[in-house]
Amino acid sequence: MKDVLSNATDAINQVLLGKQHAVKLAVACILARGHLLIEDLPGMGKTTLSQALARVMGLSYQRIQFTSDLLPGDILGTSVFDRDSGGFVFHPGPIFAELVLADEINRATPKSQSALLEAMEEGQVTVDGATRPLPEPFFVIATQNPASQGGTFALPESQLDRFLMRLSLGYPTPAAEKTLLLGGTGRARLDDLKPVLTRAQLQALQAAVPQVTASEAIIDYILRLVTRTRESHLCAWGLSPRGSLGLLAAARAWAMLEHRAYVIPEDVQAVLPAVVSHRLRASEDPAGHGGGSLAQRLLNEVPAV
Amino acid sequence: MTSYALIPRNSLVWLLTAQVVALAPHLPRLPVWVAALWLGCALWRVQIQRMRWPYPGFLVRVLALVLVTTGVFLVQGTLIGLDAAVMLLLMLFMLKLLEMRKPRDALVVIYLGFFIVAAAFLFDQGIPLALFQCFSLLVLVAALVGLQQTPGRNDPARAMRTGGILLMQAVPLMVVLFVLFPRLGPLWSVNAPGNQARTGLAESMAPADVAELARSGELAFRAAFDDAVPAQPQLYWRAMTLSRFDGRTWSRSRFTTAAAPPEWQPRGEPIGYRVIAPASNQPWVFSLRGASTEDERLLLTGDFVLQARQPLGRAISYVASSRMDSLLQPQELDPLQERVNLQLPEGSDPRSRAFAAQLRQSHPEDADLVLALLGHFNREPFHYTLRPTPLGLHSNDEFLFDSRRGFCAHFAGAMTFVLRAAGIPARVVAGYQGGEINPRGNYVLVHQFDAHAWVEAWLPGQGWVSVDPTFQVAPERIERGLQDALSEEGSFLENSPLAAARYRDIGWLNNTRLFWDDLNYQWQLRVLGYQSERQLEFFRRWLGTADWQRIGLISLGVLLLFMLPMALWILRPARQPRDPQQRAWQTLNRRLARLQLQAKTGEGPRHWQQRLEQILPGQKAELAAFFAEYIRLSYATAPAAATPAATQLNLALRNLLRVLPRTRPRRSITSLDLPG
């Protein structure tokens, strides 16, 4: 089982070079049943990562390109009159897939964004008064450009909070980029990727994540972290209980990826920036471009032991 | 390094705030240009901070010093003495802004601020100032805290909070010192600030002076009685006697105030009371007839008046007891006193003299004559008013026979004149009459408008007898006070529309005024009046001794009682955690601290282990064993599960401690502290 996980991350690493940490976080996010938000400049490999994840995990896959004129119906599906049956027939939208890639989610209007985000939270969609369940498992990997880019509708805090993690890929290392330029990786190899996991395996792994031991000491550490965000005058607001639950789940998944049956503080520290930085905002930062530095301060200032 | 340690912006804001607050109580006493000077200094300092203006050079500073000193000299007329010294201190406090370069200078400014806060109490010791100075202390301490905050991470609210906590922590010590610290006499004599004119009795009495006093709603003194307060008509507060008359003004005579107390026969029940009088810069204190006291600061003069040995530079509180029916000097008057108390200016007031001679003819007995004269005041159409007709050269004649309008000073002066002219030794007694009873504190409140003058005549066998012609004319003045006596005329406190005493008829306002006065009274009595005398009294009552040695021991004991728990709390050993793995963890870290090795705050055990393994490669195996066991115990146990035994961990710890070096290996010192 564990080898399967290693194989999966290795396979993705072959497509996305030099991003082991981000890839591992993305896998941990899926193991912890969380939705993933990837934020970075255009052309940094966001879509590549999400596609590679979908293929390796062996999930059915749909991609929605978000644009400013995208309508909720384009995501959820619409009812169309069928002449043969003499009634309306529901044509499911692209959201009815196990893994949905919402590309450039912040280019769509808030109305369309919320259609997706409701589905993420509820695991079902309601169209024309009929509630239809979404497949199980159901993941959303959303990508977005930084809010400072033109033509974007920033996701509000309430919707950011629904993503377990927010990742940023960053520029590749010169060595990785050289390999990329020499050819032989990237999109071209994406097609060669074979599913490493079956759906059953993935579900078994996901079911095993809550079994990872989180001792009282580690719970106390998470509490210290969360309390600090709520009491510090640096943070405009603190982490929600959803945030602390997510932090624990992600740390468990990370421990599993480390082939350990229990969580240690280093696991929490590894996932903390990805889990909390989009949920925090510095008091002195009204625009709210994220709490990356706050996460770093939490790591440095909250006693780990 | 120090040359870069400039005063950061937020510190400057703190300093300026603290300065304003510390200066504020002084400013009303000082000319306006003082405030302007502060504004100028502050502006200059701000411009220095903004790098617009340079620091003033040596010459400018010397010039400023000379100008400021000259200014103080021009305002105060001297450079010596309390007022001038305090003013100079304030000026230099402001100028210090201009040579404030380093944080050390800022500290000097703050410490000076504390001094200036204390200096304000030289001029005023009231409750409002005391409260304001508490606030000043808070701001100054907060400024001290603020100076220590890192630039860019200043938080005024937090500095205030920390300052408040510090001050609150100092309160118990303050209370202990207040109660127990010996009240030492001043090391050198400081004259009380003198430039403030205070209303009060003067050494001489011209009618206009008394009228002036009657317009003042200021407090003259307060008196608390041991038992019930005597009736209003009995409250004749003697301050001094006036025996010399120059035709217009009655004044004190050196002869009557000779310090030798003449013989007198105490009679009647003693009435005990405590008088609390504010600073007046005069030696007058106030007592009822037949007074005696054990207070060493007071003496009984030859005219049966209590008087302070020193002018009252600050508030005084003393205990006296009076036997009001006493016979004062009943046997005989010595020739000198007789002459003094019969003295009249040559040739003045012929009609009064004729009237006296006429009275003398019909009443050969002195006592009859006095009664007849009082009856004259009662019978004739005299009118009590604070707006008398101006009097000319023979003031007594004009008053007695023409205008017949006046107040106590006129009546007393005229009666004394007639008595003397008839050959009866007499003098004017000046003081206060009546007072307002404050039911809250059960004490009497005597205002300046209660100032009064009456007559004392010497009768053989009876001694000095007090008579009050005003009572014959306007009994309501004596029985109910000045306000009632003037109700028709409406001249009560007519020039002070804001004087609270004017509005006694408004219930809540009057209650508030009396409450406030009671508060001030308790403040005077218990806080300001807590001087050596009362301190000794306190010691005797609560500690059973007034012996300084024993008191010192007791204070030491009390102090220890406070400090010991605090010291124990501060020096308490680091709390022993309950779980064995935490204990082992702390043991190891304490041992590592001796090698200057310390886990970073946010460092997890695994990272710490990795770092240690780099620094101490020789102990790698033992480190790994300990940390593996530690992590297993701390993190591999589900919260609900039973705590596993820590024998392995303790074993690993012992092994590790045994192999750890005594000193830190040198080789790696430079590279290790870099964050990993």
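Everything numeric here is computed off the predicted structure, so don't read it as measured data.

K.L.:
Could you give an account of the overall build of chain A, naming the residues involved and the relevant values?
P.N.:
Scanning chain A for helices and strands turns up 13 helices and 9 strands. For chain A, buried positions account for 53% of its 305 residues. Partitioning the intrachain contacts of chain A with sequence separation of at least 6 by distance along the chain shows that 77% fall at a separation of at least 24. With the model as given, the accessible surface of chain A reaches about 13200 Å², and the carbon-plus-sulfur share is 53%.

K.L.:
Break down the interface of chain A and chain B for me, citing the residues and quoting the values.
P.N.:
Bring the parts together and some accessible area is lost; that lost area is often taken as the interface size. Taken together, the 22 residues of chain A in the interface contact 19 residues of chain B. Of the roughly 1600 Å² buried between chain A and chain B, counting both surfaces, carbon and sulfur atoms make up 59%. Sorting the residues of chain A by area buried against chain B places Tyr-262, Glu-266 and Val-305 of chain A first, and these three jointly supply 34% of that buried surface. Across the chain A-chain B interface, the total number found is 0 salt bridges.

K.L.:
Could you give me a rundown of the packing of aromatic side chains, with the residues and numbers involved?
P.N.:
Residue and element names in this part refer to chain B. Under the counting rule described, the total for this entry stands at 26 aromatic pairs over all chains. Judged by centre distance (6.0 Å) and plane angle (55°), the ring pair of Phe-132 and Phe-135 falls under tilted. Separated by 3 residues within a single helix, Phe-132 and Phe-135 lie in helix α6 (residues 127-148), roughly one turn from each other. For Phe-132, a relative accessible area of 29% gives the class partly exposed. Above the ring of Phe-382, the side-chain terminus of Arg-404 is found at 5.6 Å from the ring centroid.

K.L.:
Mind laying out the nonpolar core, listing which residues take part and the relevant values?
P.N.:
Residues Leu-31, Leu-53 and Met-165 of chain A together with Phe-626 of chain B are the most contacted members of the largest nonpolar core, which totals 100 residues. In contact with Leu-53 of chain A, not counting residues within four places along its chain, are Ile-12, Ala-26, Val-27, Ile-30, Leu-36 and Ile-141 of chain A. Membership of the second largest hydrophobic core comes to 79 residues, among which are Ala-220, Trp-237, Leu-386 and Val-428 of chain B.

K.L.:
Which residues make up the pattern of salt bridges, and what values go with them?
P.N.:
Following the criterion strictly, the structure yields 24 salt bridges over all chains and no others. Between Arg-351 of chain B and Asp-402 of chain B there is a salt bridge, and its shortest N-O distance comes to 3.0 Å. Here Arg-351 of chain B, found in helix α10 (residues 350-362), pairs with Asp-402 of chain B, found in helix α12 (residues 395-403); they are 51 residues apart in sequence, far enough to count as distant. One network of salt bridges, with partners in common, ties together Glu-121, Asp-161, Arg-242 and Arg-279 of chain A.

K.L.:
Can you tell me about unusual backbone geometry, naming the residues and giving the values?
P.N.:
The residue after Glu-136 of chain A, namely Pro-137 of chain A, is reached through a cis peptide bond having omega -5°. Mapped onto the elements of the fold, Pro-137 of chain A is located in the loop between β7 (130-133) and β8 (139-144). At Phe-304 of chain B, a position not held by glycine, the phi torsion is positive, near 60°. Summarising the element assignment, Phe-304 of chain B is placed in the loop between β9 (298-300) and β10 (306-308). On the accessibility criterion, Phe-304 of chain B (4% relative accessible area) is buried. Positive phi is not limited to glycine here, since Arg-404 of chain B has a value of about 55°. Along the chain, Arg-404 of chain B falls in the loop between α12 and β14 (405-406).

K.L.:
Give a detailed account of helix α18 (residues 532-543) of chain B, specifying residues and quantitative values.
P.N.:
Residue and element names in this part refer to chain B. Taken together, the buried positions of α18 are occupied by Arg-534, Gln-535 and Phe-539. Around the axis of α18, the buried residues are gathered within 145° of arc, so they sit on the same side. Every exposed residue of α18 that faces more than 90 degrees away from the buried side is listed here: Arg-540 and Arg-541. Tucked into the core, α18 has its buried residues touching α7 (156-180), β7 (271-277), α17 (507-528) and α19 (548-570). Looking one or two residues past α18, Gly-544 carries a phi angle of roughly 70°, positive in sign.

K.L.:
Help me get a handle on the sheet that holds strand β9 (residues 163-167) of chain A, residues and values and all.
P.N.:
Hydrogen bonding along the main chain pairs the strands of a sheet, whether they run parallel or antiparallel. Residues and elements named next belong to chain A. The parallel open sheet is built from 5 strands, whose spatial order is β2-β5-β8-β1-β9. Every other strand in the sheet has two partners, leaving β2 (61-65) and β9 as the edge strands with one partner each. The mean inter-strand angle of the sheet, taken between neighbouring strand axes irrespective of direction, is 15°. Strand contacts of helix α3 (residues 46-57): β1 (35-39), β2, β5 (99-103) and β8, with the helix running at about 175° to β5, the strand carrying the most contacts.

K.L.:
I'd like to hear about the packing of α7 of chain B against α19 of chain B, residue by residue, with values.
P.N.:
Think of two packed helices as two axes; the pair is described by the angle between the axes and how far apart they sit. Residue and element names in this part refer to chain B. Contact geometry for α7 and α19: axes closest at 11 Å, N-to-C directions at 170°. As judged from the angle between their axes, α7 and α19 are roughly antiparallel. Judged by residue contacts, Pro-172, Leu-173, Val-176 and Leu-180 of α7 engage Trp-548, Ser-555, Val-558, Leu-559 and Phe-562 from α19. Looking at side-chain class alone, the contact of α7 with α19 contains 8 nonpolar, 1 polar and no charged residues.

K.L.:
Residue-level account of the UniProt feature "transmembrane region" (unreviewed entry) in chain B, with values.
P.N.:
Residue and element names in this part refer to chain B. Taking the numbering used here, the UniProt-annotated feature "transmembrane region" (unreviewed entry) corresponds to residues 58-74, 80-98, 105-123, 129-147, 159-181 and 551-571. With 79% helix and 0% strand, residues 105-123 has its two end C-alpha atoms placed 28 Å apart. Along residues 129-147, the helical share is 100% and the strand share 0%, with 26 Å between the first and last C-alpha atoms.

K.L.:
Pulling in residues and values, what's your account of the pairing of β1 of chain A?
P.N.:
All names here are of chain A. Burial runs high along β1: 5 of the 5 residues are buried. Going residue by residue along β1, you find His-35, Leu-37 and Glu-39 tucked away on one face and Leu-36 and Ile-38 tucked away on the opposite face as well. In this sheet, β9 lies alongside β1 in parallel orientation, the contact comprising 4 bridges. Bridge pairing links Ile-38 to Leu-167 in β9. In this sheet, β8 lies alongside β1 in parallel orientation, the contact comprising 4 bridges. What sits directly across from Leu-37, in β8, is Ala-142.

K.L.:
Any chance you could break down the pairing of strand β18 (residues 451-459) of chain B for me, citing the residues and the numbers?
P.N.:
Consecutive side chains of a regular strand alternate in pointing toward one face of the sheet and then the other. Residues and elements named next belong to chain B. Taking burial as the measure, the 9 residues of β18 include 9 buried ones, the bulk of the element. With 5 bridges connecting them, β18 and strand β19 (residues 463-467) associate as antiparallel partners. Each bridged residue has a counterpart across the sheet, and for Trp-458 the counterpart in β19 is Trp-464. Between the antiparallel neighbours β18 and β19 lie 3 residues, among them Gly-461 with a positive phi of about 85°.

K.L.:
Tell me about the packing of α10 of chain B against helix α11 (residues 366-379) of chain B, and please be specific about residues and values.
P.N.:
Residues and elements named next belong to chain B. α11 packs onto α10 with a crossing angle of 125° between their chain directions and a minimal axis gap of 9 Å. Relative to α11, the element α10 lies oblique. Seen along the crossing, α10 lies across α11 with a hand that is right-handed. Side by side, α10 and α11 meet where Phe-355, Leu-359 and Arg-360 of the first sit next to Asp-366, Leu-369, Ala-372, Leu-373 and His-376 of the second. A per-class count over the contact of α10 with α11 returns 5 nonpolar, 1 polar and 2 charged.

Thresholds, definitions, all that
Residues numbered from 1 in each chain as written. Chains lettered and ligands numbered in written order. Predicted model: local features only at pLDDT ≥ 70, side-chain atom pairs only at ≥ 80, totals over all residues. Heavy atoms only, no water. Helix = DSSP H or I, 4+ residues; strand = E, 2+ residues; numbered from the N terminus. Buried < 20%, exposed > 50% of the residue type's maximum accessible area, 1.4 Å probe, protein only. Contact = heavy atoms within 4.5 Å. Areas by Shrake-Rupley, 256 points an atom, 1.4 Å probe, with all protein chains shown as cover. Buried area = accessible area lost by both parts, 1.4 Å probe. Salt bridge = Lys/Arg side-chain N within 4 Å of Asp/Glu carboxyl O. Phe/Tyr/Trp six-rings, centres within 6.5 Å; stacked < 30°, edge-to-face > 60°. Lys NZ or Arg CZ within 6 Å of the ring centre and 35° of its normal. Core = buried A, V, L, I, M, F, W, Y, C linked by side-chain atoms within 4.5 Å. Arc of directions from axis to C-beta. Pairing = 2+ DSSP bridges. Axes fitted to C-alpha atoms, helices over the stretch in contact; angles between N-to-C directions. Parallel < 35°, antiparallel > 145°, perpendicular 65-115°, else oblique. Nonpolar A, V, L, I, M, F, W, Y, C, P; charged D, E, K, R; others polar. UniProt positions renumbered as here; feature names shortened; annotations may be inferred. Left-handed = near helix turned anticlockwise from the far one by under 90°.

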